[in-house]
Each structure stands twice: as structure tokens, then as C-alpha cells.
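Architecture at a glance
Spelled out from the first residue to the last, the chains are:
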Amino acid sequence: AGIDVRDEVGSTNEELMRDARPFTALTADFQSAGRGRLDRVWQAPPGSSVALSVSMPLPSDPARWGWVPLLVGVALRRSLRRLTDVELGLKWPNDVLARATLHDEWRKVAGILCNVVGGTEPLVIIGMGINVYQSREELPLPEATSLSLCGAVVSREELIATVLEELSSTSAAWVDGSLDHTYRASCVTIGQQVQISLGDGPVEIGRAVAVDEMGRIVLQEAGGGQVPHAAGDVVHVR
Ligand code: BTN
């Protein structure tokens, strides 16, 4: 299937959700109502970033769906590694982080938003936002960075083509069950002391020790127990 390229849409994820069919791809130079996880907004000036959404069929067993954002993270990291020499890491569950000379700490360079569209044959709309050319002032948060701030010059067209290729090979590896090791090896959350908050719910604190077969992060908590968490907002404490 081809890719639909637009100048402007509200949100590429919302567009694909409206007309949900498998294996479609949509990108836009500008999103007027881009969405992030946990009801946040996702904004970038026209032409400064990659906003790309792809629809894919999901396995019938929902126990496996937790791996989708993780596999997308692997695909994005592989794409960026092919095109740049920026140091990259994955923050569970769905951020790609970069470390550069300009900032000697991990900062977010890409985010992933997955929306499941139910039905007899469930689909996932995978939304990827990659900060490509933004300047410091154009980024919404001090914890964010862009490829150009990391010293990398890439064409958005080439990046989109590479991401589509890597998504297809990475999802094939996921279906074969050969992705877990790759994910764990690039995940910078494992080994960190983290806080996970779930909306208004309690904040869980512990050391992230593993990602389990459902794609959940496993925290070693102070009481001695190991508790898996399926979702949430993660802060690396140290
Ligand atoms: C996050 O980090 O919170 C996820 C950000 C996801 C942004 C992308 S840009 C393309 C797609 N369309 C959207 O409205 N959001 C995703």
C-alpha cells in the first residue's frame, strides 16, 4: 500500500482511525491538532518534524498487544541508527531518547501513540512523531531534543521511507518472537529507579528490572515484591 502525504491534517492518528483499514500510511507536514499520550497535545511547526501514522492488524490475543509500542520503538531506533550516528535509547513504553554533545543526558527525540480500533479484526493505528529540525525554542519541553540539535542532518522523506521499511521487518521479527532481546538491550529504563503514575492513581516507585512477555515493565518494589505495570507515565529518578 502507498503512503498518503498531506500538507495539513488535524491529527494523522485521528484521520486513520476514522477510516480504519489495515496497511495504510499517512503523513502530514503539519498537524493542527496533534495528540500525544495521556491526552496531551503534540505540536511542531510546519515541516520541522515527521508526523506519521500507519495502521496494522493486531494478533487476536490481546495479551500480546502491549508489545506494539515497544516494537515501534525498536523500528524507530533502527531507522535513526541507519541515518544518523546519534546515541539512542528506548524509554519504556514509547519514547525514543537521544544523547548528544550539546546535552550530555537523555532527551526525548520521538514519541509513539498507539490507538486500538476494535472489532472482529482489531487494528492498531501507530502514530510516530519524530523531532527532526526543531530549534531549542520550537520544542515544547526542556526534556525534548531534535535530530538537528543532536548534530544530525536527515531528510524527512528518507526518514519516512526508512521507518516504513523498519516497521515491516521489526513487526515480522515480533511475530517470529525474536524481538524481546533486541528491545531489552536498547531499553534504558531497565536498571533505573523509576516512578510510574497512572492518572489520578497512586505513584509506584521501584527499580525497573525487566520487561515481561506481555510488554509490561516489572518493578522491584521496596517491600521485596516484583510487580508488573502495563501502562503509565514513567519518570527516571536516577
Ligand atoms: C507521545 O510521546 O506522547 C506520543 C506522541 C505521538 C505523536 C504522533 S505525530 C503522528 C501521530 N498523530 C498524532 O496526533 N500523534 C501521533
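Preceding this section is the structure that the text describes.
These remarks concern the structure in this document. Keep in mind that this is a model prediction, so the values were computed, not measured.

Quick notes on the side chain of Thr-84
- Along the chain, Thr-84 turns up in the loop between α2 (68-83) and β4 (87-91).
- The exposure class assigned to Thr-84 is buried, which follows from its relative accessible area of 11%.
- At 2.7 Å, the side chain of Thr-84 forms a polar contact with the backbone oxygen of Leu-80.
- Of the polar contacts made by the side chain of Thr-84, one reaches the backbone nitrogen of Val-86; its length is 3.2 Å.
- Ignoring any residue separated from it by four or fewer positions in sequence, one finds Thr-84 in contact with Ala-152 and Val-154.

What to know about the site of the ligand
- In the vicinity of the ligand lie 20 residues, with Ser-11, Gln-31, Arg-35, Arg-37 and Lys-108 positioned nearest.
- At 2.7 Å, a backbone N or O of Arg-35 approaches a nitrogen atom of the ligand.
- Here Lys-108 contributes a side-chain N or O atom positioned 2.5 Å from an oxygen atom of the ligand.
- Contact with the protein chains removes 98% of the 420 Å² of surface that the ligand exposes when unbound.
- Residue assignment for the shell around the ligand shows that the elements contributing at least two residues are α1 (12-18), β3 (49-57), β6 (107-117) and β7 (123-131).
- Top element by residues in the shell around the ligand is β6. It accounts for 4 residues.
- Counted by class, the shell around the ligand contains 6 nonpolar, 10 polar and 4 charged residues.

Comments concerning the sheet that holds β4
- Overall, mixed pairing links the 7 strands, which are arranged β1-β2-β3-β7-β6-β5-β4 in an open sheet. Only two strands of the sheet have a single partner each, and these edge strands are β1 (3-9) and β4. Going from strand to strand, the sheet's axes swing by 20 degrees on average, the running direction of each strand aside.
- Across the face of the sheet, α2 comes into contact with β4, β5 (95-99), β6 and β7 while running at roughly 140 degrees to β6.
- Packing against the sheet, helix α3 (residues 156-175) makes contact with β1, β2 (25-31), β3 and β7, and its axis sits at approximately 25 degrees to β3.

Some points on α3
- Between its first and last C-alpha atoms α3 spans 28 Å; for 20 residues at 1.5 Å apiece the expected length is 28 Å, and the two agree.
- Every buried residue of α3 is listed here: Arg-156, Leu-159, Ile-160, Thr-162, Val-163, Glu-166, Leu-167, Thr-170, Ser-171, Ala-173 and Trp-174. All buried residues of α3 project into a common sector of 160 degrees when viewed along the axis, lining one side. Across from the buried face of α3, at angles greater than 90 degrees, the exposed residues are Glu-157 and Val-175.
- Trailing α3 by a residue or two, Gly-177 shows a phi angle of about 80 degrees, which is positive.

The rules behind these values
- Residues numbered from 1 in each chain as written.
- Predicted model: local features only at pLDDT ≥ 70, side-chain atom pairs only at ≥ 80, totals over all residues.
- Heavy atoms only, no water.
- Helix = DSSP H or I, 4+ residues; strand = E, 2+ residues; numbered from the N terminus.
- Buried < 20%, exposed > 50% of the residue type's maximum accessible area, 1.4 Å probe, protein only.
- Polar contact = N/O pair within 3.5 Å; in protein donor to acceptor, adjacent residues only side chain to side chain.
- Contact = heavy atoms within 4.5 Å.
- Near = heavy atom within 4 Å.
- Areas by Shrake-Rupley, 256 points an atom, 1.4 Å probe, with all protein chains shown as cover.
- Nonpolar A, V, L, I, M, F, W, Y, C, P; charged D, E, K, R; others polar.
- Pairing = 2+ DSSP bridges.
- Axes fitted to C-alpha atoms, helices over the stretch in contact; angles between N-to-C directions.
- Expected span 1.5 Å × (residues − 1).
- Arc of directions from axis to C-beta.

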